[in-house]
Amino acid sequence: MSGELSSEDQLRLNVLLTQDIRAIRLEESRMELLALTDKGEASMPLHPTCRSDRYLRLVREALSGHALGSPGGYPVYLTRWTRHGQMESASLGKLLLTGEPEAVVAVVHSPALTDEIAAWAWWAMPSIENARLMLARPTVAQGKMGSVLADFLAEHLPFLQDDHLAIMDTIAVLIHSGCVSDETLAGIWKRGKRTNTYYVPFLEANWPGLGTMRPARGDATHLATVIPALQGPDRALALRLEQTLSGAGQAWIEALQEILARPETQEVVSRTLNAIGGFFSPDGGGCPSPVSCQACCSPGPVIWKR
Amino acid sequence: MLQPWSRDLEAIKELAAVSEQSVIPVFARSTAIGSLMRRKIEPVVTPILEHLEALKTPRT
């Protein structure tokens, strides 16, 4: 068994690596190396001299040696560390030159991710999870990649099927990104009729679109006439009640009843209960992150601030 | 002045205290989902649904 790249591949790789490369992807089924350069996409067929999996490892080791100075290849066993967003290196883009999917995952989890690097990472590995993680970063959501990733997620949402946590996280990111139209969000909301998990992130975010869905409760007008005469804690409580009796509040409650009547998973229950506490508590509060995070299990985003 | 809405205000105060902490003792002992999970959390969910229903009922 050979322990080296074929001379043809070695030569081509050396020429390729002298160019200004943004990212490298290995198409394992076709035994092809694709590179994203400043001039566009370049492809290089591989000529294995041994078993294909062994040869791909040799290619990745060569790429890693060039990009990171790490001849043993990218340390794929660092999965837990990189998934907690610990990768803050200034040379984040170099990880995309290793041809290693795990390195792309490390990049999309990094807090140092920029819109430009997100575009390269997206080319290297376009997956639903990567799109969601990148769109959750404000720098990406507000950049050129924001609408690209949001459109992809909105289109691929039905493919998540029974992955309720992924459904909630994806919709939460779409709402918070501000990259999708109200019509698209309304379309996603309607899917809650069939799978009530779809409602949860809308309730967590107290989505403004709820305001037009239900009429206010019959006695809301009467309450509004009483509030001006109130002061102190009574007034604060009455204002919260006023929000509850409004059209948006009534739509919120109705959706909540549907979820609690038939929740599918434990995550749906936990996030719904946190949303209730956040909605009715006087100060709101909790984790501002649009996606669920391991470090924080407090209620969802701040809502109802007057 | 808020007398007509006393039931609503009581519901709001109760719901403000709701969080996943209420179901942690259940979820810590079981990985159930679907109908089995719904049966296990019924004692937690039923009072919440009652408060929500109260908030939909006009008082005056």
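Going by the structure above, here's the rest.
Below: a short report on this structure. (Residues numbered from 1 in each chain as written. Chains lettered and ligands numbered in written order. Predicted model: local features only at pLDDT ≥ 70, side-chain atom pairs only at ≥ 80, totals over all residues. Heavy atoms only, no water.)

## Thoughts on the overall build of chain A
In terms of regular secondary structure, chain A is built from 15 helices and three strands. In chain A, which comprises 306 residues, the share counted as buried stands at 52%. Here the analysis covers contacts within chain A between residues at least 6 apart in sequence; of these, 58% occur between residues at least 24 apart. (Helix = DSSP H or I, 4+ residues; strand = E, 2+ residues; numbered from the N terminus. Buried < 20%, exposed > 50% of the residue type's maximum accessible area, 1.4 Å probe, protein only. Contact = heavy atoms within 4.5 Å.)

## Section: the interface of chain B and chain A
Interface size is commonly expressed as the accessible surface area that is lost when the partners come together. In this assembly, 34 residues from chain B lie in contact with 36 residues from chain A. Between chain B and chain A lies a buried interface of about 3,100 Å² when both sides are counted; carbon and sulfur atoms form 70% of it. Of all residues in chain B, the largest losses of buried area upon contact with chain A belong to B:Trp5, B:Glu20 and B:Arg38, amounting jointly to 20% of the total for that side. At the boundary of chain B with chain A, the tally comes to two salt bridges. B:Asp8 is paired through a salt bridge with A:Arg217; the nearest N and O atoms lie 2.9 Å apart. The tally of links between chain B and chain A comes to 14 residue pairs in polar contact (both at pLDDT 80 or more). The set of elements that each furnish at least two residues to the side of chain B that touches chain A consists of helix H1 (6–16), helix H3 (34–40) and helix H4 (42–54) of chain B. Within the side of chain B that touches chain A, the residues separate by chemical class into 21 nonpolar, six polar and seven charged. (Buried area = accessible area lost by both parts, 1.4 Å probe. Salt bridge = Lys/Arg side-chain N within 4 Å of Asp/Glu carboxyl O. Polar contact = N/O pair within 3.5 Å; in protein donor to acceptor, adjacent residues only side chain to side chain. Nonpolar A, V, L, I, M, F, W, Y, C, P; charged D, E, K, R; others polar.)

## Description of the pairing of strand S3 (residues 40–45) of chain A
All names here are of chain A. As judged from the six bridges shared by strand S2 (residues 32–37) and S3, these two strands associate in the antiparallel manner. Paired with Glu32 across the two strands is Pro45, which belongs to S3. Counted along the chain from S2 to the antiparallel partner S3, the turn is two residues long. (Pairing = 2+ DSSP bridges.)

## Some details on the packing of aromatic side chains
Residues and elements named next belong to chain A. Tallying each qualifying case throughout the model produces eight aromatic pairs over all chains. Consider the rings of Trp122 and Phe152, whose centres lie 4.8 Å apart with planes at 80°: the pair is edge-to-face. In this pair, Trp122 is assigned in helix H5 (residues 115–124) and Phe152 in helix H8 (residues 145–156), connecting sequence segments 30 residues apart. Across the pair, exposure class does not vary: Trp122 and Phe152 are buried alike. Ring geometry for Trp189 and Phe202: centres 5.3 Å apart, planes at 90°, overall edge-to-face. Of the two residues, Trp189 is situated in helix H10 (residues 182–190) and Phe202 in helix H11 (residues 199–204); the sequence distance between them amounts to 13 residues. (Phe/Tyr/Trp six-rings, centres within 6.5 Å; stacked < 30°, edge-to-face > 60°.)

## Remarks on the pattern of salt bridges
All names here are of chain A. This model, assessed by the stated rule, comprises 14 salt bridges over all chains. One salt bridge in this structure joins Glu27 and Arg25, with 3.1 Å as the shortest N-O distance. Between Glu32 and Arg30 there is a salt bridge whose closest N-O contact spans 2.8 Å. One connected set of salt bridges, linked through shared partners, spans Glu28, Arg60 and Glu100.

## Re the nonpolar core
Counting 95 residues, the largest nonpolar core has A:Met134, A:Leu135, A:Trp252, A:Ile276, A:Phe280 and B:Ile48 as its most contacted members. When residues of this core are assigned to domains, at least three fall in each of domain 1 (7–125) and domain 2 (127–306) of chain A. What A:Ile276 contacts, discounting residues up to four positions off in sequence, is A:Trp252, A:Leu256, A:Leu260, B:Leu15, B:Val18 and B:Ile48. Within the second largest apolar cluster, 20 residues are counted, among which are A:Met44, A:Leu58, A:Leu63 and A:Leu97. (Core = buried A, V, L, I, M, F, W, Y, C linked by side-chain atoms within 4.5 Å. Domains from an automatic or database assignment.)

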